[in-house]
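One-letter residues, chain by chain:
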Amino acid sequence: MTVQTNAAAVADNTEIAGPNRVPEVTVDFWLIKLMAVTVGETAADFLALNLGLGLQTTTYLMSAILVAVIAFQFAQKRYVPWAYWSAVVMVSVVGTLLTDNLIDTFGVPLETTTIACTIILAVIFAAWYASEKTLSIHTVVTTRREIFYWLAVLATFALGTAAGDYVSEALGVGYLLTGVVFAGIIAAIAFAHYVLKLNAILAFWLAYIFTRPLGASLGDLLSQPIEYGGLGLGTIITSVMFLTIIAGIVIYMTVKRAPRASLRVR
């Protein structure tokens, strides 16, 4: 869902304090986001299960790496494609692990986990809006706004993981049909935005939330064994495949941004 930057900035009604620290919402954005959430699902399973690290050890290790990556992202004070998308991939992995810990380690039912993650996300959005009077991703120009942004992103990944697993596993819908269901929901959001004029910020965040279970379902469909409803590619092949696509898109984004940066310097 591409949203006009100028319109969002005007609606925000705040003084722009510097360059935006997150990317514009384009087709590239949605494609790489879908790839990132798919990697989050398969990479978490690979590290915890295939490498035998265990869920808790993997969670501690990935959380430590996430802190380092996020710290580097905050240090940029602007949007740098490879730094930003590295952070998104790590948030995707950790978001998956947090949800898996609630379910597998603490025995919290998928339905309860989904509801809890929804409430947490709502609280983050409420606090963000109360502080900044906007939820726009076009004016993430201060450290405080970026903190709210990444908290919201982490919560959407955790929520999407729980919702996707609830539909595909607890309700017995299966990976393929679950992906179709969430793809249909995203299509409906796009229709509501472009045709029915649904608020752009609301449409963005709804689509952002539902791409997570769509990506997770795609990852499980490709990686899980055939007897469990997957295609049996395994977590290694699936993760490498999507990481390669992500790297290619990030390189393209970086090259595409280079002429703009050069013009600004002049």
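Look a little higher up for the structure.
This is a predicted model, so every value here is computed, not measured.

## Examining the overall build of the protein
- Counting its secondary structure elements, the protein contains nine helices and zero strands.
- A buried classification covers 48% of the 266 residues belonging to the protein.
- Restricting the contact set of the protein to residue pairs at least 6 apart, pairs at least 24 apart contribute 75%.
- Within the structure as shown, the protein displays about 12,500 Å² of accessible surface, and the carbon and sulfur contribution to it stands at 71%.

## Digging into the packing of aromatic side chains
- Tallied over the entire structure, the rule returns 21 aromatic pairs.
- Taken together, a centroid distance of 5.1 Å and an interplanar angle of 65° make the contact between F125 and W205 edge-to-face. Of this pair, F125 sits in helix α5 (residues 110-132) while W205 sits in helix α8 (residues 200-223); the two residues are 80 residues apart in sequence, bridging distant segments of the chain.
- Taking the relative accessible area as the measure of exposure, F125 reaches 15% and is therefore buried.
- Seen in terms of ring centroids, F204 and Y208 are 5.5 Å apart; in terms of plane orientation they differ by 45°. Their pairing is tilted. With F204 and Y208 both in helix α8 and four residues apart, this pair spans about one turn of that helix.

## A short note on the pattern of salt bridges
- Overall, the coordinates contain three salt bridges when judged by the stated rule.
- In this structure, E132 and R144 form a salt bridge, with 2.5 Å as the shortest nitrogen-oxygen distance. Taken together, the residues span a long stretch of sequence, with E132 in helix α5 and R144 in helix α6 (residues 143-170) at a distance of 12 residues.
- Put simply, E132, R144 and R145 are held in one network by salt bridges that share partners.

## Side note on α6
- Here α6 is 28 residues long and its end C-alpha atoms lie 39 Å apart, about the 40 Å a rise of 1.5 Å per residue gives.
- Within α6, 20 of the 28 residues are buried, which leaves it mostly tucked inside the rest of the structure.
- Taken from the residues just after α6, G172 is the one with a positive phi, measuring 70°.

## Topic: a nonpolar patch on the surface
- Together, L231, L233, I236, I237, V240, M241 and I245 make up an exposed nonpolar region whose accessible area comes to about 590 Å².
- Among the structural elements, L231 can be located in the loop between α8 and α9 (234-265).

## Regarding helix α7 (residues 175-194)
- Helix length check: α7 (20 residues) gives 29 Å between terminal C-alpha atoms against 28 Å at 1.5 Å per residue, within 8%.
- Turning to α7, its buried residues number three or more, namely Y175, T178, G179, F182, I186, I189, A192 and H193. Down the axis of α7, the smallest arc covering the buried residues is 150°, so these residues share one side.
- Taken together, the buried residues of α7 touch α6 and α8.

## As for the nonpolar core
- The biggest cluster of nonpolar side chains holds 58 residues, and the ones touching the most others in it are Y84, W85, Y149, W150, W205 and Y208.
- In contact with W150, other than residues within four places in its own chain, are I70, Q73, F74, Y84, A87, V88 and V91.

## So, the environment of V37
- Mapped onto the elements, V37 comes out in helix α2 (residues 27-50).
- Along the chain, V37 and V88 lie 51 residues apart, while their C-alpha atoms are 8.3 Å from each other.
- Ignoring anything within four residues of it in the chain, the contact list for V37 reads S92, F157, T211, R212 and G215.

## Observations regarding the packing of α6 against α8
- The N-to-C vectors of α6 and α8 enclose an angle of 45°; their axes lie 8 Å apart at closest approach. Our classification of the angle between α6 and α8 gives oblique. Judged by the twist between their axes, the crossing of α6 over α8 is right-handed. Of the residues in α8, those touching α6 at Y149, A152, V153, T156, F157, L159, G160, T161, G164 and D165 are W205, Y208, I209, R212, P213 and D220.
- For the contact of α6 with α8, the per-class residue count stands at nine nonpolar, four polar and three charged.

## Re the packing of helix α3 (residues 55-76) against helix α4 (residues 81-105)
- Packing of α3 against α4 leaves a shortest axis separation of 9 Å and a crossing angle of 150°. Considering the angle they form, α3 stands roughly antiparallel to α4. Crossing hand, α3 versus α4: left-handed.
- Here the contact of α3 with α4 is built from residues that sort into 16 nonpolar, nine polar and two charged.

Rules of the game
Residues numbered from 1 in each chain as written. Predicted model: local features only at pLDDT ≥ 70, side-chain atom pairs only at ≥ 80, totals over all residues. Heavy atoms only, no water. Helix = DSSP H or I, 4+ residues; strand = E, 2+ residues; numbered from the N terminus. Buried < 20%, exposed > 50% of the residue type's maximum accessible area, 1.4 Å probe, protein only. Contact = heavy atoms within 4.5 Å. Areas by Shrake-Rupley, 256 points an atom, 1.4 Å probe, with all protein chains shown as cover. Phe/Tyr/Trp six-rings, centres within 6.5 Å; stacked < 30°, edge-to-face > 60°. Salt bridge = Lys/Arg side-chain N within 4 Å of Asp/Glu carboxyl O. Expected span 1.5 Å × (residues − 1). Patch = residues over 30% accessible without salt bridge, like charges linked within 9 Å, V, L, I, M, F, W, Y side chains within 5 Å. Arc of directions from axis to C-beta. Core = buried A, V, L, I, M, F, W, Y, C linked by side-chain atoms within 4.5 Å. Axes fitted to C-alpha atoms, helices over the stretch in contact; angles between N-to-C directions. Parallel < 35°, antiparallel > 145°, perpendicular 65-115°, else oblique. Left-handed = near helix turned anticlockwise from the far one by under 90°. Nonpolar A, V, L, I, M, F, W, Y, C, P; charged D, E, K, R; others polar.

Just distances and angles here, no functional claims.
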